[in-house]
2 protein chains.
Amino acid sequence: MDAKEILKQHIAKTATLTDEQFDYLFSHFKAQSYKKGQVVISEGDKVDNEYFVISGCLKAFFINDEIKMYILQFAMPTWWTSDYGALYNHTRATISIDCITDAEVLCLSNHDREKICNELHQAEHFFRWRTNRGYLASQKRLLSFMNNDTKARYEELLSLYPQLYNLVPKHLIAAYLGVSRETLSRLYHAHK
Amino acid sequence: MDAKEILKQHIAKTATLTDEQFDYLFSHFKAQSYKKGQVVISEGDKVDNEYFVISGCLKAFFINDEIKMYILQFAMPTWWTSDYGALYNHTRATISIDCITDAEVLCLSNHDREKICNELHQAEHFFRWRTNRGYLASQKRLLSFMNNDTKARYEELLSLYPQLYNLVPKHLIAAYLGVSRETLSRLYHAHK
DNA sequence: GTGCCTACGTGATGTATATCACATTCTGCA
DNA sequence: TGCAGAATGTGATATACATCACGTAGGCAC
């Protein structure tokens, strides 16, 4: 299945577009390939695009003053990613994004998204629901952070995304869970 | 300023509606008054409405198996609140909402929101941006949780909402920060 | 193959915070 | 006004986790 078809089916779950409308929408996306390790958005950058993942795995992360990294999102196929704070508010990036594996994405500029949302009611409908789901996921993760200990969050992550365990190095999983790599290692080996 | 005018100005910041369109939108809201301590949504309830706060302060919270409470949101005037997971997915409430002070709200049913979004492109635009902002706030709080210690999060909360300090009991602030009330008390008295 | 860099494991130690227990102060209201 | 319950302060102890230090194993360049 090619990128266009993947996006089409993804959107069809939420919004009803004619083929012509989808073709018009799709004409604003730009395909892009990245190699493992390549940087998509770097802290301080001007942010113009958001990215729809076709294949591979990216990470969106924040680096604090003590050079500690926190991972906000592992972006897998059919996920959207960007520094949305910077994108929506036209500020410089505080979040960086790079590729954990080789990856193919479709880029959509902020300007074009707003233009299309304005032109096509159903596109606006789609993007409203996409954000709804992101909001719910974010709130769920926040609750999990407050309520569960590290071990429970680790098991929750792996049961949700079993492919992550073999795909990404453990210190990145630790950075997602917000614990040190040492603690994660001990947790993993402690219980059988 | 009455409830209708407050909602009108709130929406006008994001979307352009004619007076007729706004009147039509507003006709779907239902005004409601609550007393301090009154429950709006209780865990296990069927959730049909979301709430736009006109006056007062509500809290949206989660109670875990060990009867510990975590506060997801203090809902202040011009904020929206509900158990959005239950509302969007038509499941039973896992989040409860009650009133910290006497409060006035405008209720909007999920059914009516979707109907209006379908009928009025600008309404869909408004709700997309409302959720965008909620998503960004949630992500920011998640990052703050991972990156900052309790004291920094406490100061961040009070600098963002100074009125909270006198409005809500400290054990609720602790439940928002995700620490015990004892720790919050010690933190507060430790530094000067 | 040699050497280097990255990932990963593991022990020792320090620290922030939870938890339990109890004292004190505040507040609504009968 | 006085009282009960809620809110808050504070000490003692336990614990999860960070941090530092060091060791090992695997992949890749040359």
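Notes on the structure in this doc start here. It should be emphasised that the depicted structure is a prediction, and the values quoted were computed from it without experimental measurement.

Side note on the interface of chain B and chain A
By convention, interface size is frequently given as the accessible area that disappears when the constituent parts associate.
Okay, so step 1: The partner chain A presents 36 residues to the 37 residues of chain B that form the contact.
Okay, so step 2: Ranking the residues of chain B by area buried against chain A places H121, R128 and M146 of chain B at the top, with a combined share of 20%.
Okay, so step 3: The interface formed by chain B and chain A contains four salt bridges.
Okay, so step 4: E124 of chain A is paired through a salt bridge with R128 of chain B; the nearest N and O atoms lie 2.8 Å apart.

Focus: helix α6 (residues 150–160) of chain B
Residues and elements named next belong to chain B.
Okay, so step 1: Residues of α6 that are buried include every one of T150, R153, Y154, L157 and L158, and no others. One face of α6 carries all of its buried residues, which in axial projection span an arc of 130 degrees.
Okay, so step 2: Where the residues of α6 are buried, they touch α5 (121–147), α7 (164–167), α8 (170–177) and α9 (181–190).

Here we look at the protein's contact with DNA strand C
Okay, so step 1: For DNA strand C, the set of nearby residues contains 17 residues, the closest of which are K170, R181, R186 and H189 of chain A together with T183 of chain B.
Okay, so step 2: In this structure, H189 of chain A approaches DNA strand C through a side-chain N or O atom, which is 2.9 Å from a phosphate oxygen.
Okay, so step 3: S180 of chain B places a polar side-chain atom, nitrogen or oxygen, 2.9 Å from a phosphate oxygen of DNA strand C.
Okay, so step 4: A total of five residues in the surface near DNA strand C trace back to one element, the largest contributor, which is helix α9 (residues 181–190) of chain A.
Okay, so step 5: Of the residues assigned to the surface near DNA strand C, the class counts are two nonpolar, seven polar and eight charged.

Calculation notes
- Residues numbered from 1 in each chain as written.
- Chains lettered and ligands numbered in written order.
- Predicted model: local features only at pLDDT ≥ 70, side-chain atom pairs only at ≥ 80, totals over all residues.
- Heavy atoms only, no water.
- Contact = heavy atoms within 4.5 Å.
- Buried area = accessible area lost by both parts, 1.4 Å probe.
- Salt bridge = Lys/Arg side-chain N within 4 Å of Asp/Glu carboxyl O.
- Buried < 20%, exposed > 50% of the residue type's maximum accessible area, 1.4 Å probe, protein only.
- Helix = DSSP H or I, 4+ residues; strand = E, 2+ residues; numbered from the N terminus.
- Arc of directions from axis to C-beta.
- Near = heavy atom within 4 Å.
- Polar contact = N/O pair within 3.5 Å; in protein donor to acceptor, adjacent residues only side chain to side chain.
- Nonpolar A, V, L, I, M, F, W, Y, C, P; charged D, E, K, R; others polar.

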